[in-house]
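This is what each chain is made of:
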Amino acid sequence: RSTAALVRTAVCVEPRDGRMHVFLPPVERLEDYIELIVLVEQTASELQLPVLIEGYKPPSDHRLKSFQITPDPGVIEVNTQPAHNWRELVDITTTLYDEARATRLCTEKFMLDGRHCGTGGGNHMVIGGPTPADSPILRRPDLLRSLLTCWHNHPSLSYLFSSLFVGPTSQAPRLDEARNDSLYELEIAFRQIPDQGDCLPWLVDRAFRHLLTDVTGNTHRAEFCIDKLYSPDGGDGRRGLVELRAFEMPPHARMSLVQQLLLRALIARFWSSPNSQKLARWGTELHDRFLLPHFIEQDFEDLIDELSQAGFPLQKDWFAPHVEFRFPRLGVIAQRGVQLELRTAIEPWHVLGEEQGPGGTARYVDSSVERLQVKVQGLTEARHVVTCNGYAVPLHPTGTVGEFVAGVRFRAWQPPSCLHPTIGVHAPLVFDIYDTWTGRSVGGCQYHVSHPGGRSFETLPVNAAAAESRRQSRFFAFGHSPGVWNVVRPQINPECPLTLDLRKAPVIPSVTPVIGNELSSPLRASGILELNGESAEVSLRELHTSRGA
C-alpha cells in the first residue's frame, strides 16, 4: 500500500477552561470544509453545547468571503472582505469604523508631546478580482505599469497618506529609495509588458518580482506588493492581487473612503488611457523637496488637475483633512507685514546597525532628528532674512510674490543609540525675521520639542484637549533675538538646497555682550557668556529665559 493511504487527517475535540474546542484539519476543497462545519453545528445544537472553532482555515475560494481579525503589536489587524462596488465599499468601511468605536477602539493616537497621529496600522488597499482570471492586473498588466509610473512621478502619493515611518527601511519604501539603478531596471521591465493586455499571467510576476522589493530584497515590504499576484511558489500566491502598502489608517471613515475613491479614479483612468510618462529622476530632490508639505500639496494638486482633465472631477478640498492631519501647523506670527508659519514636515527614520543587548541582538530606529517647514509671506527678498538659531534659512520662492519656503532639520532629542551621537540637541528653535538694513530682528518665535519649563511628560494625553494644550505650550509667538547681530550663512548644500541641516551648521563662537546696540551674534547661539573677561557657562534655556524677560 502507498504511504499516502496511511496518513489521514482527523477532527480533534478537546475541553479547555470549561469550553469545548474543535480543531479542524486541513482540507483541499471548500465543500469538504463546509460539510465539517455543518456537522459540528448540528452536534453542538443537539447537545446544547457551545463550541469554539479553531485549526486550519478553509481553502482559498472566490465564493468565500473572509473577515479576519488578528492581534498585532500595538494594533488589531482587520482584513475585510472584498467589495464589488462603491456602495459595498462604503458600507464595509463605515461599519468597520463604527464597530471599532463601539468597542472603544480607534485609528488615531496622541504622542507624549501631544502630536496627533495615526496608530501606525496600515490601511492597505488590494486590487484584484473574484478569480485570478478576473483580476484587472492580470487582464491588463499595463495597468500595474501605469500605477507604478504615476506613484513614482507624483511623490505626494507616497508621503501624504503614509505613516510617520518612511524611507528606504520603512514598511513601504519607494522604488527609488532602495537602489540607485532601480529606475533604469524598471524601464527595461516596462518594455516587457504590452499595452491593452495580450500577456501571459506569469509574465507580469516575472517582470516585477525582483524590482518591487525593499533594500533587503523582501517582496512583502514594498510600496507595491505582488506576493499574491501570480507567484510560482504556490496556489495561494496566484490570486491576481496587488497590495498598496503606503497608506496608514486615517482617523475618520470618510478620510479612508476618499483615499479609496482616488485609487478607483486612477484605475479607471489608466484602464482607458495607459500612463506612458517617463520616469522622473528625482535623486536627492525626493527627500529635499517632497518631504515638505508645500511641495507635497503642490504635487498632489497637479495630480487632481490631471484627473479632472481626464473626466474624473475630484476636488482637492476633499483631501484638506489629510494635509492638516499629516502636517499640523505648529504656529504662525506676523511682524511688519511679514508672516512666518511653521509646520511639521516628514523626516525619514533610518535603521541603525546591529547592537548586542541584554535581550540579544537588536536594531534600533533613529527617530531623534525632526524636520520643520518654514513658510514666509510678504517677505522683501533684498531686505529680510529668516534665521533659525542664528543661521540663515535657505528660502526658496514658491512662485507667489513675496512667498518663500524652506525646511529645517535638527536633533530633537539625544538617545544613547543614534546617528552622530556626539551632536547635541538643537531645541528649542528660535526663528527670527531679520532686517539686514538695520541689523536687527523685527520679531520671531520659539518652538520647543518638549515642555518649555524642562518638565518631561510622564503619561500620554488623556484626550484631544490635553494633547492640544501640550502642543500649544511648545510654541511661543515671541522670544526673538534682541540687539544688533550678524546672520551666519551656512554654505548651501547642492544636494539639499532647500534644507537647513543644523547638524552640519558651523559652530557660532561665544559672544560678548556690550553696552549699547552692538552684539556680534545672537545670545542663543552659544552656552558661554564672557563677562568682564571671565567666562561663565549657562544653559541655553537660561539664555532664552533671560532674553524673554
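Residues numbered from 1 in each chain as written. Predicted model: local features only at pLDDT ≥ 70, side-chain atom pairs only at ≥ 80, totals over all residues. Heavy atoms only, no water.

Colleague: Could you clarify how one ought to interpret a nonpolar patch on the surface in this entry?
Modeller: A surface patch of nonpolar side chains, about 390 Å² in accessible area, is lined by Phe-67, Ile-69, Ile-76 and Leu-105. Judged by relative accessible area, which is 47%, Ile-76 ranks as partly exposed. (Patch = residues over 30% accessible without salt bridge, like charges linked within 9 Å, V, L, I, M, F, W, Y side chains within 5 Å. Areas by Shrake-Rupley, 256 points an atom, 1.4 Å probe, with all protein chains shown as cover. Salt bridge = Lys/Arg side-chain N within 4 Å of Asp/Glu carboxyl O. Buried < 20%, exposed > 50% of the residue type's maximum accessible area, 1.4 Å probe, protein only.)

Colleague: Can you walk me through the sheet that holds strand 10 (residues 242-244) in this structure?
Modeller: Hydrogen bonds between backbone atoms are what pair the strands of a sheet, whose relative direction is either parallel or antiparallel. In spatial order, the strands read 8-10-9; together these three strands make up an open sheet with antiparallel pairing. Unpaired on one side and paired on the other, strand 8 (125-127) and strand 9 (224-225) mark the two borders of the sheet. In this structure, strand 8 lies alongside strand 10, joined through three bridges in antiparallel fashion. From the neighbouring strand, Val-126 faces strand 10, where its bridge partner is Glu-243. Where helix 8 (residues 253-272) meets the sheet, it contacts strand 8 and strand 10, and its direction lies at approximately 25° from that of strand 8. (Pairing = 2+ DSSP bridges. Helix = DSSP H or I, 4+ residues; strand = E, 2+ residues; numbered from the N terminus. Contact = heavy atoms within 4.5 Å. Axes fitted to C-alpha atoms, helices over the stretch in contact; angles between N-to-C directions.)

Colleague: Which parts of the structure should I look at to understand the environment of Asp-435?
Modeller: Position of Asp-435 among the secondary structure elements: in strand 20 (residues 429-435). Along the sequence, Asp-435 and His-384 sit 51 residues apart, while their C-alpha atoms lie 4.9 Å from each other. If near-sequence neighbours (up to four positions away) are discounted, Asp-435 is found in contact with Arg-383, His-384, Arg-440 and Val-442.

Colleague: Is there a simple way to think about unusual backbone geometry in this case?
Modeller: Glycine aside, residues mostly have negative phi, and peptide bonds are mostly found in the trans state. With an omega of 0°, the peptide bond running from Ala-427 to Pro-428 counts as cis. Along the polypeptide, Pro-428 turns up in the loop between strand 19 (404-411) and strand 20. Although it is not a glycine, Gln-48 sits at a positive phi angle of roughly 55°. Along the polypeptide, Gln-48 turns up in the loop between helix 1 (30-47) and strand 3 (51-55). Of note, the phi angle at Arg-336 is positive, near 55°, even though the residue is not glycine. Note on placement: Arg-336 falls in the loop between strand 11 (329-335) and strand 12 (338-344).

Colleague: Looking at this model, I keep getting lost on the sheet that holds strand 3. Mind explaining?
Modeller: Strand order in the open sheet formed by three strands is 1-2-3, with mixed pairing between adjacent strands. Each edge of the open sheet is held by one strand with a lone partner, namely strand 1 (12-16) and strand 3. In this sheet, neighbouring strand axes are inclined to one another by 30° on average, regardless of whether the strands run parallel or antiparallel. Bridge count between strand 1 and strand 2 (residues 19-24): five bridges; the pairing is antiparallel. Counted as the bridge partner of Pro-15 is Met-20 from strand 2.

Colleague: How do you make sense of the nonpolar core when you look at a structure like this?
Modeller: Across soluble globular proteins, you tend to see nonpolar side chains buried next to one another. Membership of the largest hydrophobic core comes to 59 residues, with the highest contact counts inside it found for Phe-208 and Leu-266. The element that contributes the greatest number of residues to this core is helix 8, accounting for seven residues. Beyond its immediate sequence surroundings of up to four residues, Phe-208 is in contact with Leu-144, Leu-148, Leu-186, Ala-189, Phe-190, Ile-193 and Ile-226. Membership of the second largest hydrophobic core comes to 30 residues, among which are Val-376, Val-386, Phe-410 and Leu-500. (Core = buried A, V, L, I, M, F, W, Y, C linked by side-chain atoms within 4.5 Å.)

Colleague: Would you mind showing me how to read helix 2 (residues 86-102) here?
Modeller: In an α-helix, one full turn covers 3.6 residues, which means residues spaced three or four apart are oriented alike. With 17 residues, helix 2 should reach 24 Å at 1.5 Å per residue; the first-to-last C-alpha distance of 24 Å fits that figure. The set of residues buried in helix 2 consists of Glu-88, Leu-89, Val-90, Ile-92, Thr-93 and Tyr-97. Among the structural elements, helix 8 are those in contact with the buried residues of helix 2. The N-capping residue of helix 2, defined by a side-chain oxygen 3.3 Å from the backbone nitrogen of Arg-87, is Asn-85. Backbone geometry just after helix 2 places Arg-104 at a positive phi near 65°. (Expected span 1.5 Å × (residues − 1). Polar contact = N/O pair within 3.5 Å; in protein donor to acceptor, adjacent residues only side chain to side chain.)

Colleague: Is there a simple way to think about the pattern of salt bridges in this case?
Modeller: Evaluation of the coordinates by the stated rule reveals 26 salt bridges. Among the ionic pairs, Asp-205 bridges to Arg-206, the shortest N-O distance being 2.9 Å. Look at Arg-206 and you get partly exposed, because its relative accessible area is 41%. We note a salt bridge from Arg-245 to Glu-243, for which the minimum N-O separation is 3.8 Å. The exposure class of Glu-243 is buried, given its relative accessible area of 18%. Through salt bridges with shared partners, one network takes in Glu-347, Arg-371, Arg-409, Asp-501 and Arg-503.

Colleague: Would you mind showing me how to read the packing of helix 4 (residues 142-153) against helix 8 here?
Modeller: Axes are the key here: two packed helices are described by the angle between their axes and the distance separating the axes. Two elements in contact, helix 4 and helix 8, have axes separated by 10 Å at closest approach and are oriented at 125°. It follows that helix 4 is oblique to helix 8 by the angle criterion. In this structure, helix 4 crosses over helix 8, and the sense of that crossing is right-handed. Between helix 4 and helix 8, the residues in contact are Leu-143, Ser-146, Leu-147, Cys-150 and Trp-151 and Leu-263, Leu-266, Ile-267, Phe-270 and Trp-271, respectively. (Parallel < 35°, antiparallel > 145°, perpendicular 65-115°, else oblique. Left-handed = near helix turned anticlockwise from the far one by under 90°.)

Colleague: For this particular structure, what's the right way to read the state of the cysteines?
Modeller: Linking two cysteines covalently through their sulfur atoms gives a disulfide. Scanning all chains against the criterion turns up zero disulfides. Left without a disulfide partner, Cys-150 is nearest to the cysteine sulfur of Cys-225, which lies 19 Å away. For Cys-150, a relative accessible area of 1% corresponds to the buried category. (Disulfide = S-S within 2.5 Å.)

Colleague: Honestly, the packing of aromatic side chains in this entry has me stumped. Any pointers?
Modeller: To describe a pair of aromatic rings, one takes the distance between the centres and the angle between the planes. In total, this model carries 12 aromatic pairs according to the counting rule given. Judged by centre distance (5.3 Å) and plane angle (65°), the ring pair of Phe-476 and Phe-478 falls under edge-to-face. Look at Phe-476 and you get partly exposed, because its relative accessible area is 24%. Positioned above the aromatic ring of Trp-271 is the side chain of Arg-140, whose terminal nitrogen or guanidinium carbon lies 4.7 Å from the ring centre. Across from the ring centre of Phe-295, 4.6 Å away, lies the NZ or CZ of Arg-289, which sits over that ring. (Phe/Tyr/Trp six-rings, centres within 6.5 Å; stacked < 30°, edge-to-face > 60°. Lys NZ or Arg CZ within 6 Å of the ring centre and 35° of its normal.)

Colleague: How do you make sense of the side chain of Asp-205 when you look at a structure like this?
Modeller: Inspection of the secondary structure puts Asp-205 in helix 7 (residues 201-208). Asp-205 gets classed as buried once you look at its relative accessible area, which sits at 0%. Within the local environment of Asp-205, its side chain forms a polar contact with the side chain of Arg-209, the two groups lying 2.8 Å apart. Contact partners of Asp-205, with chain neighbours within four places excluded, come to Ile-226, Tyr-230, Ser-231 and Pro-232.

Colleague: Looking at this structure, how should I read the pairing of strand 5 (residues 75-79)?
Modeller: Side-chain direction in a regular strand flips from residue to residue, so the side chains alternate between the two faces of the sheet. Where strand 4 (residues 68-72) and strand 5 come together, five bridges link them in antiparallel fashion. When the sheet's bridge partners are listed, Ile-69 is paired in strand 5 with Val-78. Hairpin connection, strand 4 to strand 5: the antiparallel pair is bridged by two residues, and Gly-74 has positive phi, about 85°.

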